[in-house]
Each structure stands twice: as C-alpha cells, then as structure tokens.
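# A look at the structure
One letter stands for each residue in the lines below.
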Amino acid sequence: VQLVESGGGLVQPGGSLRLSCAASGFSFSGSAMSWYRQAPGKGRELVAGITSAGGRTNYADSVKGRFTISRDNAKNTVYLQMNSLKPDDTAVYFCRSIVTGYAYWGQGTQVTVSS
C-alpha cells in the first residue's frame, strides 16, 4: 500500500489549494478514504472523509463549506479542494486508507497559510 500526497505549499489567507493523494497497492475503488491534518504541537485530526464510490462525504465542523473532498477511482486519486484558507488551517495534511483493518498513511504534505 502506498499513498503519496502532493499539492501543499504556502498560500495567503483567503487563498485556495488542491491536495492530491495518489494511491496504489490495494483496491482503491473499494476503499473509503480520508484526509487528516496535524498542526504543530497538536494531535492529528480528521478533516474529511469519502466513501468508496464517492456518494457520501463528511467534514470537520471547522472546514465545512470551505473544503471539498472528492475522488477519481479511474485515477486512484483522492483530492481535497481547500478554499477560503485561514492561518488555523496551517498543518501537515495526510491521506489515510484502511485496508484489511489496518490504517495506512501517506507521508504528508505541508500547507502553510500566512501573509
């Protein structure tokens, strides 16, 4: 199982970024996927999740209305569109899958929101 995140960077408050997570080594189309984040000195928190076919999504209250999770099962990729970014969104963002009961994580991508 391999998860590779990309798309992070430095953005000004109010800006947008789209994160991608390319998956391989397991049945991507059969797996729910999620994005987590970890800010400096804080624990890892769930940002958004999406079911295997993409029919249902869920979001942390702090990102509702600003972030959108989506997936392309033909490309084995899950996305996180982040709009109206705030300094509090600064964190390392990770994607996660659960395969045969075991959680797999990518290496993370840094998102920094600062003027």
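Here we summarise the structure given alongside this text. (Residues numbered from 1 in each chain as written. Predicted model: local features only at pLDDT ≥ 70, side-chain atom pairs only at ≥ 80, totals over all residues. Heavy atoms only, no water.)

### With respect to the packing of aromatic side chains
So the rule is basically this: Any Phe, Tyr or Trp ring, taking Trp's six-membered ring, that has another such ring centre within 6.5 Å forms a pair; planes under 30 degrees apart are called stacked, those over 60 apart edge-to-face, and the others tilted. A ring has a charge above it when a Lys NZ or an Arg CZ is no more than 6 Å from the ring centre and no more than 35 degrees off the ring normal.
Counted under the stated rule, the structure contains 4 aromatic pairs. Their ring planes at 70° and their centres at 4.9 Å tell us that tyrosine 102 and tyrosine 104 sit as a pair that is edge-to-face. Members of the aromatic cluster, each reached through a chain of ring pairs, are Tyr36, Phe94 and Trp105. The cationic tip of arginine 44 hangs over the ring face of phenylalanine 94; the distance from NZ or CZ to the ring centre is 3.8 Å. Between the NZ or CZ atom of arginine 44 and the centre of the ring of tryptophan 105, over which it lies, the distance is 4.6 Å.

### Some words on the state of the cysteines
Worth spelling out the cut-off: For the purposes of this analysis, a disulfide is any pair of cysteine sulfur atoms at a distance within 2.5 Å. Here a helix means four or more residues in a row that DSSP labels H or I, a strand means two or more in a row labelled E, and each is numbered from the N terminus. In this scheme, a residue with accessible area under 20% of its type's maximum is buried, one over 50% is exposed, and one in between is partly exposed, where area comes from a 1.4 Å probe on protein chains only.
Evaluated as defined, the whole model comprises 1 disulfide. Through a disulfide, cysteine 21 is tied to cysteine 95; the S-S separation comes to 1.9 Å. Taking the sign of the torsion about the S-S bond as the criterion, the disulfide between cysteine 21 and cysteine 95, at about 45°, is right-handed. Placement of the pair is cysteine 21 in strand β3 (residues 17-24) and cysteine 95 in strand β9 (residues 91-99), with a sequence separation of 74 residues. Note on cysteine 95: relative accessible area 0%, which makes it buried.

### Things to note about unusual backbone geometry
Even without being glycine, asparagine 76 reaches a positive phi, approximately 50°. Looking at the secondary structure, you find asparagine 76 in the loop between β7 (67-72) and β8 (77-82).

### Some thoughts on the nonpolar core
Applied cut-off: Within this scheme, the nonpolar core is defined by two criteria: the residues are buried Ala, Val, Leu, Ile, Met, Phe, Trp, Tyr or Cys, and they are joined through side-chain atoms within 4.5 Å.
By size, the foremost hydrophobic cluster in this structure holds 27 residues, and its most contacted members are Trp35, Val47, Phe67, Val78, Leu80, Met82 and Tyr93. Sorting the residues of this core by element identifies β3, β4 (33-38), β5 (44-50), β7, β8, β9 and β11 (109-113) as the ones contributing at least two each.

### A short note on the pattern of salt bridges
As a reminder of what qualifies: Salt bridges, as used here, are contacts in which a Lys or Arg side-chain nitrogen is within 4 Å of a carboxyl oxygen on Asp or Glu.
One pass over the full model with this rule turns up 4 salt bridges. A salt bridge links glutamate 45 to arginine 37, with the nearest nitrogen and oxygen atoms 2.6 Å apart. Given the relative accessible area of 35%, glutamate 45 is considered partly exposed. On the basis of relative accessible area, arginine 37 is assigned to the buried category, the value being 6%.

Remember that the coordinates give geometry; whether it matters functionally is a separate question.
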